[in-house]
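Coordinate analysis (summary)
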Amino acid sequence: LAERLNFLKSSVGAIASPFEAYLALRGLKTLAVRMERQCANAQKVAEFLEHHAGIVEVHYPGLPSSRFFELCRRQMRTGGAVVTARLKVREGEAEVDTMRRFFSRLRYWVL
């Protein structure tokens, strides 16, 4: 039983190592500024997508066109960091093909 409990405490993460504790503390120190930037970027992305010809609808509570905008303004400082958009499907094209085309054209980079 002791061996099993020892394995579980290590594998489940009940006790953090000194390095893991340091990383968590370091992450907490910059959390506010990271969230602020993420939310500001999400707002800009949502505003851009809202007027894009290839997008049917954008779901982001920080947009005035959102049905949750007033609720968001009352309860939150920003619209959050998550933006959802529905792609416009070309006539005669399956939705899955539209998504494949979209994802095949995405570019990303790491700083």
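Structure first, text after, so check above.
Residues numbered from 1 in each chain as written. Predicted model: local features only at pLDDT ≥ 70, side-chain atom pairs only at ≥ 80, totals over all residues. Heavy atoms only, no water.

Quick look at the packing of aromatic side chains now. Per the stated rule, a full pass over the model turns up two aromatic pairs. Centroid distance F102 to F103: 5.2 Å. Interplanar angle 75 degrees. Geometry classified as edge-to-face. Judged by relative accessible area, F102 falls into the partly exposed class, the value being 36%. Look at F103 and you get exposed, because its relative accessible area is 53%. (Phe/Tyr/Trp six-rings, centres within 6.5 Å; stacked < 30°, edge-to-face > 60°. Buried < 20%, exposed > 50% of the residue type's maximum accessible area, 1.4 Å probe, protein only.)

Of all hydrophobic cores here, the largest spans seven residues; its members are A42, A46, L49, I55, V58, Y60 and L63. Secondary structure elements with two or more residues in this core: α2 (18-50) and β1 (55-59). The element contributing the most residues to this core is α2, with three residues. Once residues within four sequence positions are removed from consideration, I55 is found in contact with L49, A85, R86, L87 and K88. (Core = buried A, V, L, I, M, F, W, Y, C linked by side-chain atoms within 4.5 Å. Helix = DSSP H or I, 4+ residues; strand = E, 2+ residues; numbered from the N terminus. Contact = heavy atoms within 4.5 Å.)

For the rest of this paragraph, the subject is the side chain of T98. Along the chain, T98 turns up in helix α4 (residues 95-104). A residue is classified by how much of its surface remains accessible, and T98, at 3% relative accessible area, is buried. For T98, the residues in contact, after removing those within four places along its chain, are L87, K88, V89, R90 and E93.

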